[in-house]
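If you want the building blocks of each chain, they are given just below.
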Amino acid sequence: MDRIEKILAEPERHSIMVVGLERSGRALALMFRKLGAQVLATDRNPTLQGLEKLTEAGAKIHLGGDQVGIVRDADLVVLSPGVALRPLAAPIPSEAIRRGVPVVGEMELAYRILGRSTRRAPMMAVTGTNGKSTTTALCAHLLEQAGHRVFLGGNIGHPLSELVLSGEKVDWMVLEVSSFQLEHLTDPKHFIPKVGIWLNLTPDHLDRHITMRNYGRTKRRLFEGQGSDETGVFFLDDSNVNQQHEHLACTISGVSRNPARVPLVGALLIRKEITPNGWKEPFLINNPVLAGDHNAENAACATSAALAAGLSKEIIQKGLDTFKGLPHRMETVRIVGKVRYINDSKATNPDATAKALTSFTDPVVLIAGGRGKGMGYDMLREIVTKKVKNLILLGEDAGKLQQSLKGCTRIHMVSDMTEAVDLAKDLAKPGEVVLLSPACASFDMFKDYTERGRVFAQLVGGLESKS
């Protein structure tokens, strides 16, 4: 039994430091107070609001200032996903490690606590650079079509700690797992998905992981605790993913458009058809929500995962046909004057924007820009030249985007989203598409990508009154 397990065996005798008090951190703090532990709840934001429930529950809250000294009072330090540990060591986890205090992430800890009861259901976990949220939601939808009770959470918005708090019994836990969450694993054996999915690996978060090698190693941890009774679904046409599945102990279920790449257990993706090995009749991707090559890849991986979970062909096909998608991901907001306005605010890196652009045959007015993540934008040159009639740029990285994409199309610089939507309305002709697909994070101008998407949708909603 390691030190963390000993603490979880008698939480009421220990003091837990929770670092980061957004949604995951708050759920963590409440969970530990419910278990009887003393809680030191910390966040570097001195003006953070909405902490009343923590105060009422008896957590000791420390905001802003130097919090490193508080580590001396903690038996365990628990990190919310947004708190850096490796390779950019943050002061609190660094001090905890120096003092010999165990450091663990929220998701692993909640998984361990569930494992101490009869409530830990099998887990389906999805990682990758792009498409995680859509694929995670689709996996949950497929399982629900089979009548399973599903907890949908992780990086998609509902911390696993909330399942612990609720006391609910479910049949499956379906989790979106980010690299930030995986880098906090103390050991992959403490977080084992029954079915894991790795969609892709393209440059992202290099401001945190520094190199693609570090980034890939972090993602791979999701599968390193699996054995032969667990399944890893890998999209093998992504060269960075294809080289990662070797020497893993799990059963490999490869997805590819190339028949030569598909292992014994796998599925072949040809246009809008998914054909598992040995099957004569394919699954069909006819749902417009799953349009585009990238969504076909997501659907193929979700289908392979559903098969590994024991779902029938009929159930899976029904789920593919009835999936409604997610907000802020290639979401049609409105059609105004025969111009389609699409909210793809979740596209927070260049690869996601490139994949979005491949979905359109009509000319595109693209709204992009925000806070960059440490990679360049040259990879967008070819697709922007081919697909984008007008490019509207805003945010911190607008200048970098302008330099990278100079000569590809007509470029317009604006100061905010209101100006961007007004200009897009003037530039777009009937039959064209206005696409918000920023290729950047949102934190320079918005709280997160959801707020950015909501603002865009609200502005589009008022366009008729301006005509």
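Calculation rules
- Residues numbered from 1 in each chain as written.
- Predicted model: local features only at pLDDT ≥ 70, side-chain atom pairs only at ≥ 80, totals over all residues.
- Heavy atoms only, no water.
- Salt bridge = Lys/Arg side-chain N within 4 Å of Asp/Glu carboxyl O.
- Helix = DSSP H or I, 4+ residues; strand = E, 2+ residues; numbered from the N terminus.
- Buried < 20%, exposed > 50% of the residue type's maximum accessible area, 1.4 Å probe, protein only.
- Phe/Tyr/Trp six-rings, centres within 6.5 Å; stacked < 30°, edge-to-face > 60°.
- Lys NZ or Arg CZ within 6 Å of the ring centre and 35° of its normal.
- Contact = heavy atoms within 4.5 Å.
- Polar contact = N/O pair within 3.5 Å; in protein donor to acceptor, adjacent residues only side chain to side chain.
- Core = buried A, V, L, I, M, F, W, Y, C linked by side-chain atoms within 4.5 Å.
- 1 Å grid on protein atoms, 1.4 Å probe; cavity = no way out; pocket = protein on both sides within 12 Å on 5 of 7 lines; lining within 4 Å.
- Points joined across faces, edges and corners; volume = space filled by probe spheres on them.
- Nonpolar A, V, L, I, M, F, W, Y, C, P; charged D, E, K, R; others polar.

**Student:** Explain the pattern of salt bridges to me, using residue names and the numbers behind them.
**Tutor:** Summed over the entire model, instances satisfying the criterion amount to 16 salt bridges. Salt-bridge contacts for Asp 171 lead to Arg 149; the nearest nitrogen and oxygen are separated by 3.2 Å. Placement of Asp 171 in the loop between α7 (160-166) and β8 (172-176) and of Arg 149 in the loop between α6 (132-145) and β7 (150-154) is noted, with a sequence separation of 22 residues between them. In this structure, Glu 297 and Arg 257 form a salt bridge, with 2.9 Å as the shortest nitrogen-oxygen distance. Taken as a pair, Glu 297 in helix α12 (residues 293-308) and Arg 257 in the loop between β11 (251-256) and β12 (266-270) lie far apart in primary sequence, 40 residues in all. Arg 257 sits in the partly exposed class, given a relative accessible area of 28%. Residues joined in a network through salt bridges with shared partners are Asp 2, Glu 5, Glu 108, Arg 112 and Arg 116.

**Student:** Just give me the short version of the packing of aromatic side chains, but keep the residues and values in it.
**Tutor:** Under the defined criterion, the tally for this structure stands at 5 aromatic pairs. Relative to Phe 191, the ring of Tyr 111 has its centre 5.2 Å away and its plane inclined at 65°; by these criteria the two rings are edge-to-face. Of the two residues, Tyr 111 sits in helix α5 (residues 106-115) while Phe 191 sits in the loop between α8 (179-182) and β9 (195-198), which places them 80 residues apart along the sequence. With a relative accessible area of 1%, Phe 191 lands in the buried category. The interplanar angle of 35° and the centroid separation of 4.7 Å between the aromatic rings of Phe 223 and Phe 234 together place this pair among those described as tilted. Within this pair, whereas Phe 223 is found in the loop between α10 (212-220) and β10 (231-235), its partner Phe 234 is found in strand β10, the two being separated by 11 residues in sequence. Note on accessibility: Phe 223 and Phe 234 belong to one class, buried. Ring pairing ties together the aromatic residues Trp 198, Phe 223 and Phe 234, which thus form one cluster. The ring of Tyr 111 carries the charged tip of Arg 120 above its face, separated from the ring centre by 4.0 Å. Note that Lys 346 overlies the ring of Tyr 449, its terminal NZ or CZ placed 5.4 Å from the centroid.

**Student:** Now, about the environment of Val 83: what can you tell me, with residues and values included?
**Tutor:** Counting through the fold element by element, Val 83 comes out in the loop between β4 (76-79) and α4 (91-99). Linking Val 83 and Gly 105, residues 22 residues apart in sequence, is a C-alpha distance of 9.3 Å.

**Student:** Give me the lowdown on helix α14 (residues 350-357), citing residues and values where you can.
**Tutor:** Counting buried residues in α14 gives 8 out of 8 residues, a clear majority hidden from the surface. If you check which residues of α14 are buried, you get Pro 350, Asp 351, Ala 352, Thr 353, Ala 354, Lys 355, Ala 356 and Leu 357. Structurally, α14 contributes buried residues whose contacts are with α12, β17 (364-368), α15 (381-387), β18 (388-393) and β20 (433-436). Where α14 begins, the capping side chain belongs to Asn 349, and its oxygen is found 3.2 Å from the backbone nitrogen of Asp 351.

**Student:** I'd like a rundown of the nonpolar core, residues and numbers included.
**Tutor:** Phe 32, Leu 76, Leu 109, Leu 160, Met 173 and Phe 191 are the most contacted members of the largest nonpolar core, which totals 51 residues. Here this core gets 6 residues from one element, more than from any other, and that element is α5. Residue contacts for Met 173: discarding those within four places in its chain leaves Tyr 111, Leu 114, Arg 120, Ala 121, Pro 122, Met 123, Met 124, Phe 151, Leu 160 and Leu 163. Core analysis: the next-biggest nonpolar cluster, separate from the first, contains 36 residues, Ala 140, Leu 269, Ala 300 and Leu 311 among them.

**Student:** Provide a residue-level description of the layout of surface pockets, including the pertinent values.
**Tutor:** A volume near 300 Å³ is recorded for the second largest pocket. Around the second largest pocket sit 14 residues that line it, and Pro 288, Ala 291, Met 330, Arg 340 and Phe 360 are the ones nearest its centre. Residue assignment for the lining of the second largest pocket shows that the elements contributing at least two residues are α12, β15 (331-336) and β16 (339-343). Among the residues forming the lining of the second largest pocket, the class breakdown is 6 nonpolar, 5 polar and 3 charged.

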